[in-house]
Amino acid sequence: MSAQILDGIVFSAEIKEDVKRRVAAMKEQGVIPGLAVILVGDDPASELYVRNKGKGCEETGMLSRTIRMNAAATQEELEAEIDRLNRDPAIHGILVQLPLPGHLDEAAALAKILPEKDVDGFHLINAGHLMTGTEGVTPCTPKGALYMIRSTGEDLSGKEAVVIGRSNIVGKPMAMLLLQQNCTVTLCHSRTKNLAEHTRRADILVAAVGKAGFVTADMVKEGAIVIDVGINRVDGKVCGDVDFEKVKEKAGWITPVPGGVGRMTIAMLLSNTADAAERTLKRE
Ligand code: NDP
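Residues numbered from 1 in each chain as written. Predicted model: local features only at pLDDT ≥ 70, side-chain atom pairs only at ≥ 80, totals over all residues. Heavy atoms only, no water.

In this structure, what is going on with the site of the ligand? I would like to understand it.
Near the ligand there are 21 residues, and of these R166, S167, S190, I231 and T265 occur at the shortest range. One of the side-chain nitrogen or oxygen atoms of T265 is found 2.7 Å away from an oxygen atom of the ligand. With three residues, the single largest contributor to the shell around the ligand is helix α10 (residues 261-283). By residue class, the composition of the shell around the ligand is nine nonpolar, 10 polar and two charged. (Near = heavy atom within 4 Å. Polar contact = N/O pair within 3.5 Å; in protein donor to acceptor, adjacent residues only side chain to side chain. Helix = DSSP H or I, 4+ residues; strand = E, 2+ residues; numbered from the N terminus. Nonpolar A, V, L, I, M, F, W, Y, C, P; charged D, E, K, R; others polar.)

Honestly, the pairing of strand β5 (residues 160-164) in this entry has me stumped. Any pointers?
Side chains on a regular strand alternate between the two faces of the sheet. Burial within β5 is extensive, with four of its five residues counted as buried. Two elements, β5 and strand β6 (residues 184-188), share five bridges in a ladder whose sense is parallel. Paired with I164 across the two strands is C188, which belongs to β6. As for the winding sense of the linkage, the β-α-β connection from β5 through helix α7 (residues 171-180) to β6 is right-handed. Inspection of the sheet shows β5 paired to strand β7 (residues 204-207) by four bridges, in the parallel sense. Across the sheet, residue V162 finds its bridge partner in β7, namely L205. (Buried < 20%, exposed > 50% of the residue type's maximum accessible area, 1.4 Å probe, protein only. Pairing = 2+ DSSP bridges. Right-handed = clockwise from strand over helix to strand, strands pointing away.)

Just to check I follow, could you spell out the environment of I113 for this structure?
Mapping I113 onto the fold places it in the loop between α4 (106-112) and α5 (124-132). For I113, a relative accessible area of 2% puts it in the buried group. Measuring from C-alpha to C-alpha, the distance between I113 and E197 comes to 41 Å, with 84 residues separating the pair along the chain. Excluding its chain neighbours within four sequence positions, the residues that come into contact with I113 are I82, N86, I94, V96, D118 and H123. (Contact = heavy atoms within 4.5 Å.)

Even after reading the chapter, I still don't get the domain arrangement of the chain, so can you show me in this structure?
Taken domain by domain, the chain comprises domain 1 (30-116) and domain 2 (140-261). Between domain 1 and domain 2, the C-alpha centre-to-centre distance is 29 Å. (Domains from an automatic or database assignment.)

In this structure, what is going on with the nonpolar core? I would like to understand it.
Nonpolar side chains tend to gather and get buried jointly when the protein is soluble and globular. I149, M174, L178, I204, V206 and I227 are the most contacted members of the largest nonpolar core, which has 49 residues in total. Residues lining this core come from more than one domain, with at least three contributed by each of domain 1 (30-116) and domain 2 (140-261). With near-sequence residues (within four places) excluded, L178 lies in contact with L146, I149, A161, V163, C183, V185, I204 and V206. (Core = buried A, V, L, I, M, F, W, Y, C linked by side-chain atoms within 4.5 Å.)

Help me understand helix α1 (residues 8-28), please; the structure alone is not making it clear to me.
Owing to its 3.6 residues per turn, the α-helix brings residues three or four apart onto one side. Over its 21 residues, α1 runs 30 Å from end to end, which matches the ideal 30 Å to within 8%, given 1.5 Å per residue. With a side-chain oxygen lying 2.8 Å from the backbone nitrogen of I9, the N-terminal cap of α1 falls on D7. Just past α1, the residue G30 takes up positive phi, approximately 85°. (Expected span 1.5 Å × (residues − 1).)

Could you clarify how one ought to interpret the pattern of salt bridges in this entry?
Side-chain pairs of opposite charge can arise whenever the charged atoms involved come near each other. Scanning the model with the defined rule gives 15 salt bridges in all. A salt bridge links R21 to D18, with the nearest nitrogen and oxygen atoms 2.4 Å apart. Of this pair, R21 and D18 are both found in helix α1, three residues apart, which corresponds to roughly one turn of the helix. Classification of D18 by relative accessible area gives partly exposed; the value is 28%. Measuring nitrogen to oxygen at the nearest pair gives 3.2 Å for the salt bridge that ties K248 to E245. Judged by its relative accessible area of 51%, E245 falls in the exposed class. (Salt bridge = Lys/Arg side-chain N within 4 Å of Asp/Glu carboxyl O.)

Just checking my understanding: could you explain the packing of helix α6 (residues 140-150) against α7 for this structure?
In a packed pair of helices, the relevant descriptors are the angle between the two axes and the axis-to-axis distance. Relative orientation of the contacting elements α6 and α7 amounts to 40°, with a least axis distance of 9 Å. If you check the angle between α6 and α7, you find them oblique. Here α6 runs over α7; the crossing is right-handed. The residues of α7 that touch α6, namely those facing P142, K143, A145, L146 and I149, are P173, M174, L177 and L178. Here the contact of α6 with α7 is built from residues that sort into eight nonpolar, no polar and one charged. (Axes fitted to C-alpha atoms, helices over the stretch in contact; angles between N-to-C directions. Parallel < 35°, antiparallel > 145°, perpendicular 65-115°, else oblique. Left-handed = near helix turned anticlockwise from the far one by under 90°.)

Looking at this model, I keep getting lost on a nonpolar patch on the surface. Mind explaining?
A cluster of nonpolar residues, Y49, I231 and V238, forms a patch on the protein surface that exposes about 220 Å² of accessible area. Along the chain, V238 falls in strand β10 (residues 237-239). When its relative accessible area of 32% is taken as the criterion, V238 is described as partly exposed. (Patch = residues over 30% accessible without salt bridge, like charges linked within 9 Å, V, L, I, M, F, W, Y side chains within 5 Å. Areas by Shrake-Rupley, 256 points an atom, 1.4 Å probe, with all protein chains shown as cover.)

Teacher, can you tell me more about the sheet that holds strand β3 (residues 63-69) here?
The strands that make up a sheet pair up through hydrogen bonds in the backbone, lying either parallel or antiparallel. Spatially, β3-β2-β4 is the arrangement adopted by the three strands of the open sheet, whose pairing is parallel. A single partner strand is all that each edge strand has here, and the edge strands are β3 and β4 (93-96). Neighbour to neighbour, the strand axes of the sheet diverge by 15° on average, direction disregarded. Relative to β3, strand β2 (residues 34-40) is paired through seven bridges, and the arrangement is parallel. From the neighbouring strand, G34 faces β3, where its bridge partner is L63. Across the face of the sheet, helix α2 (residues 44-60) comes into contact with β2, β3 and β4 while running at roughly 170° to β2.

Written out as structure tokens, the structure is:
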């Protein structure tokens, strides 16, 4: 039987509707949530992401500001811009579009963002909150992936969850979120031996590798929830890490690419910005 499709277009619209409602409520109290994106250089993929973020802000009624910096900008200039946004009361969320040009120190730049304005959830303070299960900002992509997993209505407690990929922005936070759901979590990476032996046990399988068609049907357990985070370009077409056509015949649920997790990332970014603005309002 063919898997049920976890449709990122439908779920992200749901989240954006909720954000829109929350933004409208804040506007009545005189606050317009504001998201600032710093873009250094002119990488075409980053340009596209930044445009989509601006569009999302517009759809939900938020203020969107894009700060474009020259590819040759120095670390001092970048950090000065972050400082300005940290102090700006109209801005509730700050995002530094990654990757930065090679001469810039990404970790140092991210550390400069006030943790409460770090809507990407990459600041060490927020990573610590995720690790300890205390309240902080959760990275958008794994948060969106978890939303899709929970939408299946399955009881996640005690399920075998396998995440392929251990990056700080996807794999590791994904593993932590699944652990918080009481899954038994295995985190795989390029040095993992006998990868398929792990993935075949997975009731929930998350692929965040960055290799087209990496997860094949023989690696998937019958009826599993398969979440494809990968975004790859093959012959000009966007595809994920999962061999979608074959795996969908075996999985219970599956996310498509495009129209899957990618859509959720932006929706969760908007949601995290609304959260940040609500926190400010509460403090005031
Ligand atoms: P990274 O390159 O940082 O991480 C890739 C991970 O895959 C690494 O942990 C690496 O292991 C692991 N890996 C590579 N080869 C293998 C292998 N043969 N077997 C097992 N593991 C392997 O990528 P990201 O986490 O940043 O992104 C992953 C994918 O998700 C990319 O396609 C990216 O474009 C996409 N992405 C999508 C988003 C969305 O909104 N949908 C948002 C962010 C990313 P090791 O650590 O050992 O090197």
